[in-house]
Amino acid sequence: KDCVEAARKEGRPFFLMANSHDPHRPFFGNDTAAWYQPGRNPVAARPSRVFSPGEVVVPGFLPDLPDVRQEIAEYYASVRRCDDTVGAILQSLRDAGADGDTLVAFLSDNGMSFPFAKTNCYLHSTRTPWIVRWPGRVAPGAVDRDHFVSGLDWMPTALEAAGLPLPEGMDGAAFLPLLRGEPQPGRDRVYTQLHQTSARVHYPMRCVQTRRFGYIYSAWADGRTVFKNESQAGRTMKAMEAKAGSDAAVAARVELFLKRVPEELYDLEKDPDALENLAGDPAHREPLEAMRRDLEAWMERTGDPALAAFRKRGDPAAREALLKTMEATIGGKAAA
């Protein structure tokens, strides 16, 4: 609030970036969420609403188990706390008289912290909220379901909206036409990548995503290496592992999540939750080859260090060379 009021008083433009810890783990109401418990942190306000397990919707990429529902309910409460934070920021703009001429963008950096979402390249890992409020320029309630945008595109968009020049060599591109409700060519796909987890362990993944297909290349997957990330610390992964002993479908999901395979291809029109890997299906050879070519061309354009390993998929030496290059350039360690 002080930042906005000071800028308005001096007649100057402002840029404010506000980050919310919610909805990161520990979620509100979780057994280990001491941060939220009364008396532990006087500034930790409760969300304006909490949810029961029976109210939530379990996404199709997760099994509907009691502990999964419990953790999603806790996650929803944390999401609500984030919503409350956004409301407080918008109120500050109104109080300062700046809400009518301020471009506000709400976006998330990753998907929900559950298996097959955060810290991966699945659609549910990278299809995140992006809401823009810009009175007089963006139509209220408008939804764009046809174009792909990336977090890389935000800086050039914000600069162009402010009438400022763009630095040379930027990877992203402004999407102001989309905000005006206009079409914009070249937005029929997006490329995503993962280098390492927050623990600085290397799990190099690359993905090309179109409206219909998602193709993922996991350079680290060798049938032995085990994937580890923060999402496994919660109730959901533990519930899935417990259920795996009596449910073959859940066991297969656990095995895929932990060890993955070098290539995954999903027809997201028919299988929006990415449950059936079509990479080995002869009937989908043509889209597989097309997505491979597309990803390879992008990797070549961007000077991707994983390009050599991609061109020699399945070659242990190429995989090891990539992991050593990553250790030398960005630090961290290879997965075991």
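The preceding data block contains the structure.
Every chain is numbered on its own, with residues counted from 1 as its sequence reads. Given that this is a predicted model, residues contribute local features only at a pLDDT of at least 70 and side-chain atom pairs are listed and counted only at 80 or more, while totals for whole chains, interfaces and linings are drawn from all residues. Each side-chain value is derived from all of the structure's non-hydrogen atoms; neither hydrogens nor water enter the calculation.

(A) Looking closely at the side chain of D304. Only DSSP runs of H or I covering at least 4 residues are called helices, and only runs of E covering at least 2 are called strands; the numbering of each starts at the N terminus. With respect to the helices, strands and loops of the structure, D304 is situated in the loop between α8 (285-301) and α9 (307-311). Note on contacts: a residue pair qualifies if any of its non-hydrogen atoms lie within 4.5 Å across the two residues. Those residues in contact with D304 that lie beyond four places of it in its chain are Q193, R206, W298 and M299.

(B) Local environment of the packing of helix α2 (residues 66-95) against helix α6 (residues 235-244). Helix axes are fitted to C-alpha atoms over the stretch in contact, other axes to C-alpha atoms as well, and angles between N-to-C directions run from 0 to 180 degrees. Remark: α2 packs on α6, axes separated minimally by 8 Å, with the N-to-C direction vectors making an angle of 170 degrees. On the basis of their axis angle, the class for α2 and α6 is roughly antiparallel. Between α2, through D67, V68, Q70, E71 and E74, and α6, the contact on the second element is made entirely by R235, T236 and A239. Any residue outside Ala, Val, Leu, Ile, Met, Phe, Trp, Tyr, Cys, Pro, Asp, Glu, Lys and Arg is labelled polar, Gly included; the first ten of those are nonpolar and the last four are charged. Its residues assigned to classes, the contact of α2 with α6 comprises two nonpolar, two polar and four charged. Between 65 and 115 degrees an angle is taken as roughly perpendicular, under 35 as roughly parallel, over 145 as roughly antiparallel, and anywhere else as oblique.

(C) How the structure looks around the packing of α6 against helix α7 (residues 248-259). Their axes nearest at 8 Å, the elements α6 and α7 cross at an angle of 125 degrees. Looking at the two axes, α6 sits oblique to α7. Classified by chirality, the crossing of α7 by α6 is left-handed. Seen from α6, the contacting residues are M237, M240, E241, K243 and A244; seen from α7, they are V250, A251, R253, V254, F257 and L258. Here the residues of the contact of α6 with α7 are counted per class, giving eight nonpolar, no polar and three charged. For any helix crossing, the convention is left-handed if the near helix is rotated counterclockwise from the far helix by under a right angle, and right-handed if that rotation is clockwise.

(D) Examining α6 more closely. Think of it in three bands: with a 1.4 Å probe and only protein chains considered, a residue is buried below 20% of the maximum accessible area for its type, exposed above 50%, and partly exposed in between. Of all the positions in α6, only R235, T236, M237, A239 and M240 are classed as buried. If you follow the buried residues of α6, they end up packed against α2 and α7.

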